[in-house]
Amino acid sequence: LAGNDIGYNVRRERGLVPHEGQTAAEAARAPRYCALGDLLVEAGRLGHKTAKGWYLYDPKVNGGRATVDPRVDDMVRTHRAAKGLMPRPPGSISEREIRERCLFGLVNEAFKAGAAA
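Within every chain, residues take consecutive numbers counted from 1 along the sequence as written. Thresholds applied to this predicted model are a pLDDT of at least 70 for local features of residues and 80 or more for the giving and counting of side-chain atom pairs; totals over whole chains, interfaces and linings are not thresholded and use all residues. Note that the side-chain values use all heavy atoms of the structure and ignore hydrogens as well as water.

**Q** Describe the overall build of the protein, with residues and values.
**A** By the criteria applied, helices consist of DSSP H or I runs no shorter than four residues and strands consist of E runs no shorter than two, each listed in order from the N terminus. Broken down by element type, the protein carries five helices and two strands. Reading the protein from its N end, one meets helices and strands in the order α-α-α-β-β-α-α. Three exposure classes are used, based on accessible area relative to the maximum for each residue type with a 1.4 Å probe and protein chains only: buried under 20%, partly exposed in between, and exposed over 50%. A burial count over the protein gives 19% of its 117 residues as buried. A fraction of 41% describes how many contacts in the protein between residues 6 or more apart in sequence connect residues 24 or more apart. We call two residues in contact whenever any of their non-hydrogen atoms come within 4.5 Å of each other.

This is the structure:
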């Protein structure tokens, strides 16, 4: 298992984590990603090693398996509101769209890898 901090460190090393003093032009050129993972790490929510991350991992509750944490739900709502994003209604994403989103990301990465070779 890799905690949230591992991805955070990779994004920071690649210059993806927004930093103070970054211009709007620099931010616009940066690859798109969601900063929620960064916010979790900065709040000390590293995953299993801290017993909290995207979920709670309390050995006394549900045998230590992931359980939903309402605080993360609140973080998501706050982040979404700050970005002016609206969630799609439940059930409005088809199985086909889910498959395509998963598959097309893999296909894009394969083409990038092929182009770099």
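**Q** How would you sum up unusual backbone geometry? Please name residues and give values.
**A** Even without a glycine there, the phi angle at Ala51 is positive, about 65 degrees. Accessibility expressed as a relative area gives 32% for Ala51, which makes it partly exposed.

**Q** Which residues make up helix α4 (residues 70-82), and what are the values?
**A** Every helix has an expected span of 1.5 Å times one less than the residues it contains. Helix length check: α4, at 13 residues, gives a terminal C-alpha distance of 18 Å against a target of 18 Å (1.5 Å per residue), a fit within 8%. Polar contact is defined as a pair of N or O atoms within 3.5 Å, subject to the rule that within protein one atom must be able to donate a hydrogen and the other to accept it, and that residues adjacent in sequence are counted only when both atoms are side-chain atoms. Two or three places before Arg71, at the start of α4, stands the capping residue Asp69, its side-chain oxygen 2.9 Å from that residue's backbone nitrogen.

**Q** How would you explain the pattern of salt bridges if you had to name every residue and give the values?
**A** Any two side chains of opposite charge can pair, given that their charged atoms come close. By definition here, a salt bridge exists when the distance from a side-chain nitrogen of Lys or Arg to a carboxyl oxygen of Asp or Glu is within 4 Å. Applying the stated criterion to the full structure yields nine salt bridges. Residues Lys112 and Glu109 are paired through a salt bridge, measuring 3.2 Å at the closest nitrogen-oxygen approach. Here Glu109 and Lys112 lie together in helix α5 (residues 95-116), a separation of three residues that amounts to about one turn. By relative accessible area, Lys112 is classed as exposed at 54%. Three or more residues joined by partner-sharing salt bridges are found here, namely Arg45, Asp69 and Arg71.

**Q** So, the confidence of the model for the protein: which residues are in play, and what are the values?
**A** In the predicted model, the protein carries a mean pLDDT of 84, and 85% of its residues have values of at least 70. A score between 0 and 100, pLDDT records how confident the predictor is in each residue. When pLDDT is averaged over each helix and strand of the protein, the minimum, 60, is found for helix α2 (residues 24-29) and the maximum, 94, for strand β1 (residues 55-56).

**Q** Describe in detail a nonpolar patch on the surface, supporting the description with residues and values.
**A** The patches described consist of residues with a relative accessible area above 30% and no salt bridge, like charges being joined within 9 Å and nonpolar side chains (Val, Leu, Ile, Met, Phe, Trp, Tyr) within 5 Å. Note on areas: these come from Shrake-Rupley sampling with a 1.4 Å probe, and a residue is covered only by the protein chains present in the view. On the surface, Leu103, Phe104, Val107 and Phe111 cluster together to form a nonpolar patch covering roughly 410 Å² of accessible area. By the secondary structure assignment, Phe111 is in helix α5. The exposure class assigned to Phe111 is exposed, which follows from its relative accessible area of 62%.

**Q** Let's hear about the side chain of Asp69: which residues, and what values?
**A** Following the sequence through the fold, Asp69 ends up in the loop between β2 (67-68) and α4. A distance of 2.5 Å separates polar atoms of two side chains, one belonging to Asp69 and the other to Arg45. Only 2.9 Å separates the side chain of Asp69 from the backbone nitrogen of Arg71, close enough to count as a polar contact. In this view, Asp69 contacts Arg45 and Leu56; residues no more than four positions away in its chain are not counted.

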